[in-house]
Number of protein chains: 4
Amino acid sequence: MPKLGMEPIRRASLIKATIAEIGHAGTLEVTVSRIAKRAGMSSALAHHYFGSKEALFLAAMRHVLTLYGAEVRGALAAAEGPEARARAVIRASFSPANFRREVVAAWLNFYALAQTRPEARRLLRVYQRRLLSNLTDALRPAQGPRAPGLARQIAVMIDGTYLHAALGSEAPDGAATGAMIEAALAQALQGGDA
Amino acid sequence: MPKLGMEPIRRASLIKATIAEIGHAGTLEVTVSRIAKRAGMSSALAHHYFGSKEALFLAAMRHVLTLYGAEVRGALAAAEGPEARARAVIRASFSPANFRREVVAAWLNFYALAQTRPEARRLLRVYQRRLLSNLTDALRPAQGPRAPGLARQIAVMIDGTYLHAALGSEAPDGAATGAMIEAALAQALQGGDA
Amino acid sequence: MPKLGMEPIRRASLIKATIAEIGHAGTLEVTVSRIAKRAGMSSALAHHYFGSKEALFLAAMRHVLTLYGAEVRGALAAAEGPEARARAVIRASFSPANFRREVVAAWLNFYALAQTRPEARRLLRVYQRRLLSNLTDALRPAQGPRAPGLARQIAVMIDGTYLHAALGSEAPDGAATGAMIEAALAQALQGGDA
Amino acid sequence: MPKLGMEPIRRASLIKATIAEIGHAGTLEVTVSRIAKRAGMSSALAHHYFGSKEALFLAAMRHVLTLYGAEVRGALAAAEGPEARARAVIRASFSPANFRREVVAAWLNFYALAQTRPEARRLLRVYQRRLLSNLTDALRPAQGPRAPGLARQIAVMIDGTYLHAALGSEAPDGAATGAMIEAALAQALQGGDA
DNA sequence: AATGAATGAGGATTCATTCAT
DNA sequence: GATGAATGAATCCTCATTCAT
């Protein structure tokens, strides 16, 4: 019997290395060799497991989006009350795990990738739609017909914040950023009630 | 017979072609040859005028940012009253000239470029700072200490909207988008007054 | 529990798969992996049994030539009289077993292989020599000194026909082809007698 | 004004080098780099002029076939009388220019190539058809309905001879070979008349 | 016996850039 | 000013082959 069960380990290593490398370089123009080296293997093995550079990129995207989705789901489960649910989504978006320089850089580059690769675009669209529906569902009980508009507004602010963070030089401050958006939300809610 | 005064024309052609090509490809991975061909000259000439691919990209960025800045300035000059000035900035951001698929795609890619190239980063920072100060200045008379926060909120929404637009499949609708942000602004102002 | 006696079975599978794969691809540029997969095993096992890709190719060649040789011998044994013996050789060359698209393609590629690999060349030479002596022996009783020339003429026609068949789009028609050569032979004999 | 008119020179060099390299290696598995080096340039330039390895191979094939066609046409023009015309075709096929080890090896590999590449197959088919019609036309005046069969017989012998020559170790002897086929032809004609 | 794991070597292709004219 | 010519360096990808289990 041969050495077995390496595949999932290698795949995970490669995905992690891909995100790290893209984050580090700030570009999608990273070579498969670099990624493989960071993951501790030959580039040939990377191709063996993923078939192509693009497939590797897409897997990395899927991974980031999956992690994010899981975090949002977890936060939603723990939240009680509509407003709390909306805040939970925001907070998850800026949790330390997601809102790291590295991941933010990768995220931005995935947006760029989505311009060219249909599959990447599809993935991001799914993410957007889910984010939007999560927010809308959370806001509807209290805001009724204003919910979709508010949800969009918040979604746009989350993405815009990522964009800004990608430009900052220091490590992005998730807490502060989240607070800002939550404040905007609070104000919006308050304004609406007035 | 060397044609005199060709330089500025050639440079402009190349910059325009660069933006068009990046917008069309949705990537920075466009070749100098393609750009040059679109501009109706040899790639060698492109190098002659700009020295390197990177320099050409930066010039294109500068061009986009300059156009945008001019538009904002124009709108500001025509606006009367603080709120009108804030709305003017928003509207300029989504004017037909700026908020085209092509330009949006280029813009997004410039953000990605800024991750790697300090000069690109510098340019985008200047743009951000100016946008922010324009908005803050416009809002301060009526909002006082709330102005910076509101300004940041709007700025983030503008950028977030660009990001979203880059993902959409149809031509982005500047009017609708601008209206959404203006509505958010109005609400924020109203909420603040309450 | 190691299965005993698998070796000959595995080897035969691999040889068959090699011919099939070359025939199917029309090239020697088939990978060991593909061959092994077609034979239902891992490429590592193929190497275990044959040591190298080249050795596998040579074994496949040997197989084809051996089959052909057997067929010729069988036909000769059944033939009575000089002319019948010559016709038997021709017929064997275009028997359904040998004159299949797949085998013809492999055959042609083996000729190409013989350009580079001495062992492959040696094998083909042996085949040629045998074919020639079979024909010569068959023709000598009736044709005397003309036998060698006639034999060569027929041999050349057989090989040329394979070449043509390799180019045809439909499955090659062994019966018709053999008939043509036999007719040529008959004419030659008749012409000689005249 | 730049250095001009290199293209045809380079293309010719590359085609010549391709044939030489294939002939020398006896395989299509020659690298573009080797070909380019033999032609005295970088492999990048080879790609610049031909676009791909396959295109280069096809151009080389076309060249060989064109040369052959020209030689046949020349020989036909000089021949007087039906039989002489048929002999001319044969002789041209074994002229020193065409029947060189190198070219024969390339020829054989082109046949192998034709198994995979439709364009290569098309080219060879054109060659075959032309050869056949040349021979048929030459033979019809004297042989009438027997012409097509005879033509095919000769064509097959020509190709078979190339195959045999590819296997020989010494430089192939065009004169002797041609003579053999001509003898076969003569005999066939004589036989037919009988 | 058998195979998944792993890689080194190599090859086609691309491209920014330089240069001679 | 302008360009065809030319290339070095890189990158993705493939594959025969080896090895540990």
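One can find the structure itself at the top, above this paragraph.
Reading the values: rules and limits
Residues numbered from 1 in each chain as written. Chains lettered and ligands numbered in written order. Predicted model: local features only at pLDDT ≥ 70, side-chain atom pairs only at ≥ 80, totals over all residues. Heavy atoms only, no water. Helix = DSSP H or I, 4+ residues; strand = E, 2+ residues; numbered from the N terminus. Buried < 20%, exposed > 50% of the residue type's maximum accessible area, 1.4 Å probe, protein only. Contact = heavy atoms within 4.5 Å. Areas by Shrake-Rupley, 256 points an atom, 1.4 Å probe, with all protein chains shown as cover. Phe/Tyr/Trp six-rings, centres within 6.5 Å; stacked < 30°, edge-to-face > 60°. Lys NZ or Arg CZ within 6 Å of the ring centre and 35° of its normal. Expected span 1.5 Å × (residues − 1). Least-squares fit on C-alpha atoms with pLDDT ≥ 70 in both. Salt bridge = Lys/Arg side-chain N within 4 Å of Asp/Glu carboxyl O. Buried area = accessible area lost by both parts, 1.4 Å probe. Polar contact = N/O pair within 3.5 Å; in protein donor to acceptor, adjacent residues only side chain to side chain. Nonpolar A, V, L, I, M, F, W, Y, C, P; charged D, E, K, R; others polar. Axes fitted to C-alpha atoms, helices over the stretch in contact; angles between N-to-C directions. Parallel < 35°, antiparallel > 145°, perpendicular 65-115°, else oblique. Left-handed = near helix turned anticlockwise from the far one by under 90°.

Chemist: Mind showing me how you'd approach the overall build of chain A here?
Modeler: Regarding its fold elements, chain A presents nine helices and zero strands. Order of helices (α) and strands (β) in chain A, N terminus to C terminus: α-α-α-α-α-α-α-α-α. Residues classed as buried in chain A amount to 51% of the 194 residues present. A separation threshold of at least 6 residues defines the contact pool for chain A, and within that pool the share at least 24 residues apart is 67%. Of the roughly 8800 Å² that chain A leaves accessible, carbon and sulfur atoms contribute 56%.

Chemist: Mind showing me how you'd approach the packing of aromatic side chains here?
Modeler: To describe a pair of aromatic rings, one takes the distance between the centres and the angle between the planes. Counting across every chain of the model gives 28 aromatic pairs over all chains. Seen in terms of ring centroids, phenylalanine 99 of chain C and tyrosine 162 of chain C are 5.0 Å apart; in terms of plane orientation they differ by 75°. Their pairing is edge-to-face. Of the two residues, phenylalanine 99 of chain C sits in the loop between helix 5 (82–93) and helix 6 (101–114) while tyrosine 162 of chain C sits in helix 8 (residues 147–167), which places them 63 residues apart along the sequence. On the accessibility criterion, tyrosine 162 of chain C (6% relative accessible area) is buried. Each residue in the set Tyr68, Phe94, Phe99, Trp107, Tyr127 and Tyr162 of chain A is aromatic and connected to the rest through ring pairs, giving one cluster. If you follow arginine 11 of chain B out to its NZ or CZ, it ends over the ring of phenylalanine 50 of chain B, 4.5 Å from the centre.

Chemist: Just to check I follow, could you spell out helix 8 (residues 147–167) of chain B for this structure?
Modeler: In an α-helix, one turn spans 3.6 residues, which is why side chains three or four residues apart end up on the same side. Taking 1.5 Å per residue as the helical rise, helix 8 of chain B with its 21 residues ought to reach 30 Å, and the 31 Å between its terminal C-alpha atoms agrees with that figure. Most of helix 8 of chain B sits inside the fold, with 18 of its 21 residues counted as buried.

Chemist: What exactly am I supposed to notice about the relation of the copies chain D and chain C here?
Modeler: Turning one copy of the chain about an axis and sliding it along that axis gives the other copy, so a rotation and a shift relate them. Rotating chain D by 180° and translating it 0.0 Å along the rotation axis places it on chain C, where the RMSD comes to 0.1 Å. The transformation just described matches what one would write down for a two-fold rotation axis.

Chemist: How do you make sense of the relation of the copies chain A and chain B when you look at a structure like this?
Modeler: For the pair chain A and chain B, the relating rotation is 180°, the translation along its axis is 0.0 Å, and the fit reaches an RMSD of 0.1 Å. In this assembly the copies share their binding face: 100% of the residues contributing to the interface of chain A also contribute to that of chain B.

Chemist: Please explain helix 4 (residues 53–78) of chain C as it appears in this structure.
Modeler: Residues and elements named next belong to chain C. Between the first and last C-alpha of helix 4 there are 38 Å, a value that for 26 residues agrees with the 38 Å anticipated at 1.5 Å per step. Residues Leu56, Phe57, Leu58, Ala59, Ala60, Met61, Val64, Leu65, Tyr68, Gly69, Val72 and Leu76 constitute the buried set of helix 4. On the buried face of helix 4, the contacting elements are helix 1 (6–25), helix 2 (32–38), helix 3 (43–50), helix 5, helix 6 and helix 7 (118–143).

Chemist: Can you help me understand the arrangement of the chains in this one?
Modeler: Looking at chain A next to chain D, you find no contact at all, with the nearest C-alpha pair sitting 21 Å apart. You won't find any contact between chain B and chain D; their C-alpha atoms come no closer than 12 Å.

Chemist: When you look at the pattern of salt bridges in this model, what are you seeing that I'm missing?
Modeler: Oppositely charged side chains can pair when the atoms bearing their charge come close. Applying the stated criterion across every chain, the model contains 44 salt bridges over all chains. A salt bridge links glutamate 7 of chain D to arginine 11 of chain D; the shortest N-O distance between them is 3.3 Å. One end of the pair is glutamate 7 of chain D and the other is arginine 11 of chain D, both in helix 1 (residues 6–25) and four residues apart, which spans about a single turn. The class of glutamate 7 of chain D is partly exposed, set by a relative accessible area of 38%. On the basis of relative accessibility, which here comes to 30%, the residue arginine 11 of chain D falls in the partly exposed class. Two residues, glutamate 119 of chain D and arginine 62 of chain D, come together in a salt bridge whose shortest N-O distance is 3.3 Å. With a gap of 57 residues between them, glutamate 119 of chain D in helix 7 (residues 118–143) and arginine 62 of chain D in helix 4 (residues 53–78) connect regions that are remote in the sequence. Residue classification places glutamate 119 of chain D among the partly exposed residues on the basis of a relative accessible area of 25%. Through salt bridges that share partners, Glu83, Arg87, Arg91 and Glu182 of chain A make up one connected network.

Chemist: Got a minute to help me understand the interface of chain A and chain B in this structure?
Modeler: As a measure of interface size, the accessible area lost when the parts come together is often cited. Counting residues at the interface gives 39 residues for chain A and 39 residues for chain B. Across the interface of chain A and chain B, roughly 3500 Å² is buried in total on both sides, 59% from carbon and sulfur atoms. It is Gln115, His164 and Leu167 of chain A that lose the most area in chain A upon contact with chain B, and together they represent 22% of the buried surface on that side. On the surface where chain A and chain B come into contact, there are zero salt bridges. Counting across the chain A and chain B interface gives ten residue pairs in polar contact (both at pLDDT 80 or more). Mapped by element, the contributors of at least two residues to the side of chain A that touches chain B are helix 6 (101–114), helix 7 (118–143), helix 8 (147–167) and helix 9 (174–193) of chain A. The biggest single contributor to the side of chain A that touches chain B is helix 8 of chain A, with 13 residues. Looking at the side of chain A that touches chain B residue by residue, the class counts come to 18 nonpolar, 15 polar and six charged.

Chemist: Whenever I open this one, the packing of helix 1 of chain D against helix 3 (residues 43–50) of chain D confuses me. Can you help?
Modeler: Packed helix pairs are specified by the crossing angle of their axes together with the interaxial distance, meaning the distance between the axes. Residue and element names in this part refer to chain D. For the pair helix 1 and helix 3, the least separation of the axes is 10 Å and the interaxial angle reads 110°. With respect to each other, helix 1 and helix 3 are oriented roughly perpendicular. Across from Met6, Glu7, Arg10, Arg11, Leu14 and Ile15 in helix 1, the residues of helix 3 making contact are Leu45, Ala46, Tyr49 and Phe50. For the contact of helix 1 with helix 3, the class distribution of residues is seven nonpolar, no polar and three charged.

Chemist: Help me understand the side chain of threonine 161 of chain C in this model?
Modeler: Tracing the backbone through its elements, the reader meets threonine 161 of chain C in helix 8. Those residues in contact with threonine 161 of chain C, other than ones at most four positions away along the chain, are Phe94, Phe99, Thr177 and Ile181 of chain C together with Val156 of chain D.

Chemist: Explain the interface of chain D and chain C here, please?
Modeler: Opposite the 39 residues of chain D that make contact, chain C presents 39 residues. When chain D packs against chain C, the two sides together hide about 3500 Å² of surface, and 59% of this comes from carbon and sulfur. Among the residues of chain D in contact with chain C, Gln115, His164 and Leu167 of chain D are the three that bury the most area, contributing 21% of the side total. The tally of links between chain D and chain C comes to zero salt bridges. Taken together, the elements giving at least two residues each to the side of chain D that touches chain C come down to helix 6 (101–114), helix 7, helix 8 (147–167) and helix 9 (174–193) of chain D. Ranked by residues supplied to the side of chain D that touches chain C, first place goes to helix 8 of chain D with 13 residues. Looking at the side of chain D that touches chain C residue by residue, the class counts come to 18 nonpolar, 15 polar and six charged.

Chemist: Just checking my understanding: could you explain the environment of histidine 47 of chain D for this structure?
Modeler: All names here are of chain D. Position of histidine 47 among the secondary structure elements: in helix 3. The exposure class of histidine 47 is partly exposed, given its relative accessible area of 38%. Sequence spacing of histidine 47 and glutamate 80 is 33 residues, and the spatial spacing of their C-alpha atoms is 46 Å.

Chemist: I keep staring at the packing of helix 6 of chain D against helix 7 of chain D and nothing clicks. Help me out?
Modeler: Residue and element names in this part refer to chain D. Their axes nearest at 8 Å, the elements helix 6 and helix 7 cross at an angle of 120°. One finds that helix 6 runs oblique with respect to helix 7. Note that helix 6 runs across helix 7; the crossing there is left-handed. Within the contact between the two elements, helix 6 uses Trp107, Phe110, Tyr111, Leu113 and Ala114 and helix 7 uses Ala120, Arg121, Leu124, Tyr127 and Gln128.

Chemist: How should the environment of lysine 3 of chain A be read in this particular structure?
Modeler: Residues and elements named next belong to chain A. Within the secondary structure layout, lysine 3 lies in the segment before helix 1 (6–25). Residue class for lysine 3 comes out exposed when judged on its relative accessible area of 70%. Residues lysine 3 and leucine 132 lie 129 residues apart in sequence; the distance between their C-alpha atoms is 45 Å.

Chemist: Explain the environment of threonine 18 of chain B here, please?
Modeler: All names here are of chain B. Within the element layout of this structure, threonine 18 appears in helix 1 (residues 6–25). On the basis of relative accessible area, threonine 18 is assigned to the buried category, the value being 0%. With residues up to four places along the chain from it excluded, the contact list for threonine 18 reads Ile35, Leu56, Phe57 and Ala60. Within the structure, the side chain of threonine 18 is placed 2.7 Å from the backbone oxygen of leucine 14, a separation counted as a polar contact.

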